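Survey of secondary and tertiary structure
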Amino acid sequence: MECIFCKISKGEIKSRKIYENKNFFSIFDINPVSEGHSLVISKEHFENFLDLRNNLGDDLIECVKETISIIKKEKPFEGFNLVNNNSEVAGQIVKHFHLHIIPRRKGEKLKSHLF
Ligand code: 5GP
Ligand code: ZN
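Described below are features of the structure shown in this document. Since the structure is predicted, the reported quantities are computational estimates derived from the model, not experimental observations.

**Thoughts on the sheet that holds strand 4 (residues 79–83)**
Taken in spatial order, the 5 strands make up an open sheet running 1-2-3-5-4, and their pairing is antiparallel. Strand pairing shows two members of the sheet lacking a second neighbour, strand 1 (17–20) and strand 4, which therefore form its edges. Going from strand to strand, the sheet's axes swing by 20 degrees on average, the running direction of each strand aside. Pairing analysis gives 5 bridges linking strand 4 to strand 5 (residues 98–104), with the strands arranged antiparallel. Within strand 5, the residue paired with Gly 79 across the bridge is Arg 104.

Pasting the structure below:
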């Protein structure tokens, strides 16, 4: 069975893309821990951070920054956490590289834990 993020990447499962470049795209998390919680996902299947090719760094950073700038306009926030879980023991459920962008606002509690 193919992985869920590969299906979203290929458009086999429809999902509103917030932003995309050559190697990454971003979507809103289906089960947000704060308003605007988003995921930056590699277009190609890599199991985790260590499997990413080194030359993908620029596109990853660009996708994170652009996504933050877009969601900030839609749902303003003061700060954010970037979270990346690697392997089950660290809380990784979907075995396809993704980075969580978690908007943080004064007085707003997270709805659940990510790891
Ligand atoms: P992990 O624990 O692997 O770092 O987190 C996986 C994240 O992917 C979870 O926050 C979960 O809510 C999210 N997720 C899982 N399946 C889907 C999906 O089909 N669509 C979206 N938008 N998010 C998903
Ligand atoms: Zn995949």
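**A short note on the coordination of the zinc ion (ligand 2)**
Only Cys 3 (SG), Cys 6 (SG), His 45 (ND1) and His 96 (ND1) from the protein coordinate the zinc ion (ligand 2), and they sit 2.0 to 2.3 Å from it. Here the zinc ion (ligand 2) is ringed by 4 donor atoms whose angles at the metal span 105 to 117 degrees, and the overall shape comes out tetrahedral. For the zinc ion (ligand 2), all donor residues lie on one chain, and their spacing in sequence is C-x2-C-x38-H-x50-H.

Reading the values: the criteria
Residues numbered from 1 in each chain as written. Chains lettered and ligands numbered in written order. Predicted model: local features only at pLDDT ≥ 70, side-chain atom pairs only at ≥ 80, totals over all residues. Heavy atoms only, no water. Pairing = 2+ DSSP bridges. Helix = DSSP H or I, 4+ residues; strand = E, 2+ residues; numbered from the N terminus. Axes fitted to C-alpha atoms, helices over the stretch in contact; angles between N-to-C directions. Donors = N, O, S within 2.8 Å, 3.2 Å for Na, K, Ca; no water. Tetrahedral: all angles 85-135°; square planar, octahedral: opposite > 155°, others 65-115°.

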